[in-house]
There are 2 protein chains.
Amino acid sequence: MNGAEAFVGTLKDCGVEVCFANPGTSEMQLVAAVDRTHGMRAVLGLFEGVVTGAADGYGRMADKPAVTLLHLGPGLGNGLANLHNARRAGSPIINMVGDHATYHLHYNAPLTSDAQGVARPMSDWVRVSTSERDLAQAGAEAFAVAQSYPGKVATVIVPADHAWNEGSAKVAVPTLPAPAKVPADAITATAEALKSGEGPKCLFLGGRALREDALVQAGRIAAATGARLICETFAARHQRGAGRVAVEKLPYFGEMAQAYIAGLRTIVFCGTEPPVSFFAYPGKPSFLSPPEAQLVRLASLREDALDALTALADALDAPAQPALVQQAALPPAAPGKLDAANFGAILAELLPENAIVSDEGATQGGASFVMTAGAKPHDWLQLTGGAIGQGLPLAVGAAVACPDRKVIALQADGSGMYTNQALWTMAREQLDVTTIILNNGSYAILNIELSRVGVQNPGPKALSMLDLRNPEINWAELSRGLGVPAVRVDTAEAFREALAEALAAKGPRLIEALL
Amino acid sequence: MNGAEAFVGTLKDCGVEVCFANPGTSEMQLVAAVDRTHGMRAVLGLFEGVVTGAADGYGRMADKPAVTLLHLGPGLGNGLANLHNARRAGSPIINMVGDHATYHLHYNAPLTSDAQGVARPMSDWVRVSTSERDLAQAGAEAFAVAQSYPGKVATVIVPADHAWNEGSAKVAVPTLPAPAKVPADAITATAEALKSGEGPKCLFLGGRALREDALVQAGRIAAATGARLICETFAARHQRGAGRVAVEKLPYFGEMAQAYIAGLRTIVFCGTEPPVSFFAYPGKPSFLSPPEAQLVRLASLREDALDALTALADALDAPAQPALVQQAALPPAAPGKLDAANFGAILAELLPENAIVSDEGATQGGASFVMTAGAKPHDWLQLTGGAIGQGLPLAVGAAVACPDRKVIALQADGSGMYTNQALWTMAREQLDVTTIILNNGSYAILNIELSRVGVQNPGPKALSMLDLRNPEINWAELSRGLGVPAVRVDTAEAFREALAEALAAKGPRLIEALL
């Protein structure tokens, strides 16, 4: 077999089942290898940001990597922003990036670039195959890296001749190390801190600590200690809703976040680091935890959160039943003009059990998160790295990973534009995604940020750079052009009807909510 | 003044007049500085690939840089593909890339990345400001680099605190060095080679050698020596049409290119390097020039092509009148179903004098280039670096640079999808661009390449990765959604009518040509 077949075959043996692809000429042997590998699904994206964002969504839901197929350095470049987000989410991803044949590189043909250099800033691990025989080995190593708990971004650069040369063979599936466990003395020390600490305390949760099983343990700890449960502002995957342990969300703006946790005297971190301001602002602090608080690291993102929380609960002799279990609760939706509040209430009311929400709702999406706290149990996925244009691709990947669950993409208009091509992939694969565009005709967050960074009296040129109204984007029309049926709504009644219709149907729909 | 004002003010003093922008929070002070700088136009793009591609188109037409405004490492990542193309075109561009405040970086907030690492692969020069006072100096240096003949990509990374801190000041406009001249002995040696060389000879032209004035000199050389004039396959800016010196185009596919120049015995290169195969293919050569030919470098891309060709023509005692002047000639257009041939003929017939064509027509665009050889004089801009998604942004930039000239974007459907957001900028700025989508529902080039790289009997999964028909993209609908009026045509008659209407109007139009 050729190198490409050995490589893709090894990945398949490892359990990789999906290839999100945007190939070019230098990847044709990889295309053929995916074609010939039984059980490897190929999903085409019409832009690389769709491909990498979909791989992120898939990784978050499947807890194993998909493989991407990207076209040399520039194609990888187009995928970097969503790889950045994936890396921040701790998602498992394997990138296979074609490059010129080794002997062709020095001719400096037009598409020649430093593919390794492009890969490095947004990959946890980068490897160029050294031969057709080495390519499969690189794949096995990439799989092991990608599966490092909770997940990493591993990039293999594949020179075209390594892909097409014959004489290669698959290699064995690597043994995966177990997730790193938090040592017993750290558990004991954390238990001591919670028991002896004066004043208000909390567990500050992120990463895998926001899965249902880990939250049960966090709820037991809350029951034993009275600690609040607070989570990071942008969570990769948060399992929540009625019957699950409820977690408060740290606000986005630094000063609000600072005020929110100001009274705490003991903060235990699990699956994440102490929160910092998303951006710097003149005269405002970056580090948000109160200086007088005792900060205790129970587990980093890369340590087994479930194990650590279970051990801590047991060390505290916590009751079996968690505290803070969320009651079913649906806020009322005011009729009339659609706004963030009645929008969120209707979403909560209609959210199907076990739904997956890809939330890039930005300024308009925050209310929906609050309103859905007591909705049916669901997974809530967020923009982890701040590189906008993640929401729609993430929904694609989640839907591929979980074909039996309804996916709802809650998408702000400005950020949705970066990767609107994802709609086409939803249509092609008939993915069960309901996309809701929150159209306020503005980079609304930036209008807020303009004054927060100290810009006074912005002129028309500045404001124009934050405005999406001239011309107004008609997302419904754009969606239909890409093959996804769409409607526009601007009242609570129309939104409820459109959402009910979309959720009852199987397959992609788009609702443009004019707010 | 603050650092941002000193920086942007210095750029304005240098002659930079346009900022293509996609800012975020960390760039708000730069937004405000652009706002306050009289004579600096701000053009918003809804995706960074639009921004960098527009800067490329602007640079090619204005022969001076625009400045881009990009949001940290991930935003720059989204712009890399078109920076790659710009760099290959030798276009002048200055990137200003915001980054976190220096003191905020070590907190590793979600958007933190190695912005320098992201910049390096696609920049000729990268600099991080060291203080608010240094920022203006970095701007002046970036301008000088960008204006290095014929142009370079210069990237300045701007920590937010350098932008907002007060106490900075503008710096002096740098003195620009003249373009490097080819030394006299190289001119003499080239003249000797052309005079003494046996057998067929040619000038192989690229870069600035394809401007009208340089081509007159090339035509004089042709008149004196009988040399053919051949140009690189993908030219940054080729001035052509009736009354200008005609240049043959090297075919794209390596073996066709090799055959095309097989008989030549002397090849003189000016503004470009000896041609190589765009990709490597098993068993096919990368280097295309005949082994028995004498290869003579007159001038590299970075040496003054006009000066070199003028000196060479004079050294050859060439006549004042060039040979190979193109006659006006319009091929006939067959009626009925639209195809590449009648499409190209109608385009040639209606092409306005002094039009600018942004050609990313791929497989369907080649005929148009041939057909328009004898059309009214025009500029033809191509995809120089092979990173698709350049055509529409390039048209945006060309239209901003040349508001009195009609721009025609000849855009393949597959590559157009990567940066479809450019249509919105055309609508917002009411740019005089007629976009023609060549919709064949396929990555047609890849279907050809699949067999060329040796893949036999591709299966349905492989073919699906090269197919855009399921679902069909309706570009007209997509265009209207982004604010550009659009029609679909599938006959020669309908295309002629639609093109005539679009060219008669001022402002953006889209014609979706179903081929």
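Draft legend 1. Expanded view of the interface of chain B and chain A. Contact with chain B, which involves 97 residues of that partner, is made by 97 residues of chain A. Approximately 8,000 Å² of surface area, both sides summed, lies buried where chain B meets chain A, with 64% of it carried by carbon and sulfur atoms. When residues of chain B are sorted by the area they lose upon contact with chain A, Thr25(B), Lys461(B) and Met465(B) head the list and together hold 9% of the total. Here chain B is connected to chain A by four salt bridges. Where chain B packs against chain A, one counts 47 residue pairs in polar contact (both at pLDDT 80 or more). Those elements that place two or more of their residues in the side of chain B that touches chain A are helix H2 (28-36), strand S2 (41-44), helix H4 (72-89), helix H5 (115-119), helix H16 (422-428), helix H17 (444-452), helix H18 (460-464) and helix H19 (475-481) of chain B. Partitioning the side of chain B that touches chain A into residue classes produces 52 nonpolar, 32 polar and 13 charged.

Draft legend 2. Molecular detail of the relation of the copies chain B and chain A. Mapping chain B onto chain A calls for a rotation angle of 180 degrees and an axial translation of 0.0 Å; the resulting RMSD is 0.0 Å. Here the copies are linked by what is in effect a two-fold axis. Identified as the residue of chain B closest to the rotation axis by C-alpha distance is Leu478(B), at 2.1 Å.

Draft legend 3. The sheet that holds strand S6 (residues 153-159) of chain A, seen in detail. Residue and element names in this part refer to chain A. Read from one edge of the open sheet, six strands run S2-S1-S3-S4-S6-S5, paired in parallel fashion. Only two strands of the sheet have a single partner each, and these edge strands are strand S2 (41-44) and strand S5 (125-128). Between one strand and the next, the sheet's axes are offset by a mean angle of 20 degrees, whatever the strand orientation. Running at roughly 155 degrees to strand S1 (residues 18-21), helix H14 (residues 391-401) makes contact with S1 and S2 of the sheet.

Draft legend 4. View of the packing of aromatic side chains. Scanning the entire structure with this criterion turns up 23 aromatic pairs over all chains. Between Phe234(B) and Tyr252(B) the ring centres are 5.9 Å apart and the planes differ by 80 degrees, which places this aromatic pair in the edge-to-face class. Of this pair, Phe234(B) sits in the loop between strand S8 (228-231) and strand S9 (238-240) while Tyr252(B) sits in the loop between strand S10 (248-249) and helix H10 (254-260), and the two are 18 residues apart along the sequence. Given a relative accessible area of 24%, Phe234(B) falls into the partly exposed group. A relative accessible area of 24% places Tyr252(B) in the partly exposed class. Connected via pairs of aromatic rings, a cluster forms that spans Phe234(A), Tyr252(A), Phe253(A), Phe278(A) and Phe279(A).

Draft legend 5. The arrangement of the environment of Asp490(B) in detail. Its location among the elements puts Asp490(B) in the loop between strand S17 (486-489) and helix H20 (492-504). A relative accessible area of 41% means that Asp490(B) is categorised as partly exposed.

Draft legend 6. Structural context of the nonpolar core. By size, the foremost hydrophobic cluster in this structure holds 205 residues, and its most contacted members are Phe20(A), Met96(A), Phe20(B) and Met96(B). Not counting residues within four places of it along the chain, the set of residues in contact with Met96(A) comprises Phe7(A), Val8(A), Cys19(A), Leu30(A), Val34(A), Val67(A), Thr68(A), Leu69(A), Leu70(A), Val156(A) and Val158(A).

Draft legend 7. Focus on the pairing of strand S14 (residues 378-382) of chain B. Residue and element names in this part refer to chain B. Most of S14 sits out of view: five of its five residues are buried. Here S14 shows two buried faces, one formed by His378, Trp380 and Gln382 and the other by Asp379 and Leu381. Sheet topology note: the S9/S14 ladder contains three bridges and is antiparallel. Residue pairing for S14: arginine 240 is matched across the bridge by histidine 378. Sheet analysis places strand S13 (residues 355-360) next to S14, joined by five bridges and oriented parallel. For alanine 355, the partnering residue across the bridge sits in S14 and is histidine 378. On the question of chirality, the crossover connecting S13 to the parallel S14 by way of helix H13 (residues 362-371) is right-handed.

Draft legend 8. Molecular detail of the pattern of salt bridges. All names here are of chain B. By the definition in use, this model includes 62 salt bridges over all chains. The closest approach of N and O atoms between arginine 237 and aspartate 63, which form a salt bridge, is 4.0 Å. A residue pair is termed long-range when its members are at least 10 positions apart, and arginine 237 in the loop between S8 and S9 and aspartate 63 in the loop between helix H3 (48-62) and strand S3 (66-71) qualify at 174 residues. Notably, a salt bridge pairs arginine 488 with glutamate 472, separated by 3.7 Å at the nearest N-O pair. One end of the pair, arginine 488, is in strand S17; the other, glutamate 472, is in the loop between H18 and H19, with 16 residues separating them in the sequence. Overall, arginine 488 belongs to the partly exposed group, its relative accessible area being 31%. What you see here is one network of salt bridges that share partners, running through Asp63, Arg208, Arg211, Glu212, Arg237, Arg244, Asp379 and Arg405.

Parameters and conventions
Numbering of residues begins from 1 in every chain and follows the order in which that chain's sequence is written. Throughout, the order in which chains and ligands are written sets their labels, letters from A for the former and numbers from 1 for the latter. Under the rules for a predicted model, residues below a pLDDT of 70 receive no local features and side-chain atom pairs below 80 are neither given nor counted, while totals for whole chains, interfaces and linings still include all residues. Side-chain metrics in this entry use all non-hydrogen atoms of the structure; hydrogen atoms and water are not considered. Contact between two residues is taken to exist if any of their heavy atoms lie within 4.5 Å; hydrogens are not considered. Buried area: the accessible area, evaluated with a 1.4 Å probe, that two parts lose upon being put together, summed over both parts. Each salt bridge in this description consists of a side-chain nitrogen of Lys or Arg and a carboxyl oxygen of Asp or Glu lying within 4 Å of one another. Polar contacts, as counted here, are pairs of nitrogen or oxygen atoms within 3.5 Å of one another; within protein the pair requires one atom able to donate a hydrogen and one able to accept it, and residues that are adjacent in sequence qualify only if both atoms are side-chain atoms. We count a stretch as a helix when DSSP gives it H or I for four or more residues in a row; a strand needs E for two or more, and each element gets its number in order from the N terminus. Asp, Glu, Lys and Arg are counted as charged, while Ala, Val, Leu, Ile, Met, Phe, Trp, Tyr, Cys and Pro are counted as nonpolar; the rest, among them Gly, fall into the polar class. A least-squares superposition brings the copies together, and it is based on the C-alpha atoms of residues with pLDDT no lower than 70 in both. Strand pairing is assigned whenever DSSP identifies at least 2 bridges connecting the two strands. Orientation is described by lines fitted to C-alpha atoms, with helices fitted over the stretch in contact, and by angles between N-to-C directions that extend from 0 to 180 degrees. Any two rings among Phe, Tyr and Trp, with Trp reduced to its six-membered ring, count as a pair given centres within 6.5 Å; such a pair is stacked if its planes are under 30 degrees apart, edge-to-face if over 60, and tilted if neither. Buried, partly exposed and exposed residues are distinguished by accessible area as a fraction of the type maximum, computed with a 1.4 Å probe on protein chains only: under 20%, between the cut-offs, and over 50%, respectively. Residues grouped as a nonpolar core are buried Ala, Val, Leu, Ile, Met, Phe, Trp, Tyr and Cys residues, joined through side-chain atoms within 4.5 Å. Handedness of a crossover is defined as follows: with both strands directed away from the viewer, a clockwise route from the first strand across the helix to the second makes it right-handed.

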